[in-house]
Amino acid sequence: MKINVIERKIVLSMREVKAAACYGSDMYYKVTLARKDNPDFDVVVSKNYLAHQNHGLTYKVMESEIRAYDEDGSLLEEFQRLRYTSRSYGYVLKWYTAKMAYYKYVPEAV
């Protein structure tokens, strides 16, 4: 648990949230005490946990969506190069979301 005085937040990891959900647990009392000491602070889940919620977004799903939007194959080629040379799923995911945000934009019909 971290107390961010600047943003006025009590930040909990998902593990701490689950532990605090059990009435009478050690974490429950720690959170209760932190809220008592800082009554105007918000209790939030850490951004780390929220950032990793990409349920079902596998490399296979990414590739199939890229194939649907990529006409000349350059995007798919770049994706495959990144996929096999990058050590991090997070890096590939960041690249994918940046690229597909552009490709998935479809203007409204007038």
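The text that follows walks through the structure, step by step, so that each part is easy to find. (Residues numbered from 1 in each chain as written. Predicted model: local features only at pLDDT ≥ 70, side-chain atom pairs only at ≥ 80, totals over all residues. Heavy atoms only, no water.)

1. Observations concerning the overall build of the protein chain
Definition in use: The helix count covers DSSP runs of H or I at least four residues long, the strand count covers runs of E at least two residues long, and both are numbered beginning at the N terminus. Think of it in three bands: with a 1.4 Å probe and only protein chains considered, a residue is buried below 20% of the maximum accessible area for its type, exposed above 50%, and partly exposed in between. For every accessible area listed, the method is Shrake-Rupley and the probe measures 1.4 Å; residues are considered covered only by the protein chains on display.
The number of helices and strands found in the protein chain is six helices and three strands. For the protein chain, the residues scored as buried account for 24% of the 110 residues in total. Split by element, the accessible area of the protein chain, about 8,700 Å² in all, is 55% carbon and sulfur.

2. Quick look at the packing of aromatic side chains
Any aromatic ring pair is given by two values, namely how distant the centres are and how the planes are angled relative to each other. Our working definition: Any two rings among Phe, Tyr and Trp, with Trp reduced to its six-membered ring, count as a pair given centres within 6.5 Å; such a pair is stacked if its planes are under 30 degrees apart, edge-to-face if over 60, and tilted if neither.
For the coordinates displayed, the defined rule picks out five aromatic pairs. The interplanar angle of 80° and the centroid separation of 5.4 Å between the aromatic rings of Y28 and Y29 together place this pair among those described as edge-to-face.

3. What about unusual backbone geometry?
Generally, phi is negative for residues other than glycine and the peptide bonds are trans, each holding for most cases. We note that R8 has phi near 60°; this positive angle belongs to a residue other than glycine. One can find R8 in the loop between β1 (2-4) and β2 (9-12).

4. Structural notes on the side chain of S86
Going by this rule: N or O atoms closer than or at 3.5 Å make up a polar contact, with two conditions inside protein: a donor-capable atom paired with an acceptor-capable one, and, for residues adjacent in sequence, both atoms drawn from side chains. Whether two residues are in contact is decided by their heavy atoms: any pair within 4.5 Å suffices.
Its place among the elements puts S86 in the loop between α5 (74-85) and α6 (89-103). Among the polar contacts made by the side chain of S86, one reaches the main-chain amide nitrogen of S88 at a distance of 3.2 Å. Residues in contact with S86, not counting those within four places in the same chain, are Y91 and V92.

5. Quick notes on a nonpolar patch on the surface
Going by this rule: Each patch is assembled from residues with relative accessible area greater than 30% and no salt bridge, linking like charges that lie within 9 Å and nonpolar side chains (Val, Leu, Ile, Met, Phe, Trp, Tyr) that lie within 5 Å. Each reported salt bridge corresponds to a side-chain nitrogen of Lys or Arg within 4 Å of a carboxyl oxygen of Asp or Glu.
On the surface, a cluster of nonpolar side chains totalling about 260 Å² of accessible area is made up of M1, I3 and V5. Topologically, M1 is positioned in the segment before β1.

6. Describing the environment of K30
Looking at the element boundaries, K30 is found in helix α2 (residues 26-37). On a C-alpha basis, the gap between K30 and M1 in space is 8.8 Å, while along the polypeptide they are 29 residues apart.

7. Remarks on the sheet that holds β1
Adjacent strands of a sheet pair through backbone hydrogen bonds, lying either parallel or antiparallel. Formally: Strands are treated as partners if at least two bridges between them are detected by DSSP. A fitted line through C-alpha atoms serves as each axis, taken over the contacting stretch for helices, and the angle formed by two N-to-C directions is quoted from 0 to 180°.
With mixed pairing, the three strands of this open sheet are ordered in space as β1-β2-β3. Each edge of the open sheet is held by one strand with a lone partner, namely β1 and β3 (42-45). Going from strand to strand, the sheet's axes swing by 30° on average, the running direction of each strand aside. Here four bridges tie β2 to β3, and the two strands are oriented parallel to one another. Residue pairing in the sheet places I10 in a bridge with V43 of β3.

8. Focus on the environment of E63
Relative to the assigned elements, E63 resides in helix α4 (residues 59-69). Counting along the chain gives 12 residues from E63 to L75, while the straight-line C-alpha distance between them is 9.7 Å. For E63, the contacting residues outside a window of four places in its chain are L76, F79, Q80 and R83.

9. Section: α5
Heads up, the condition is: What a helix should span is 1.5 Å times the count of its residues minus one. Here, the arc refers to the directions that run from the helix axis to the C-beta atoms.
Counted at 1.5 Å a residue, the expected span for α5 with its 12 residues is 16 Å, and the 17 Å between its end C-alpha atoms agrees. L75, L76, F79 and L82 are the residues of α5 that are buried. Along the axis of α5, the buried positions cluster into a sector of 130°, meaning they face one direction only. Facing away from the buried side of α5 by more than 90 degrees, the exposed set consists of E77, Y84 and T85.

In short, shape yes, function no, at least from these values alone.
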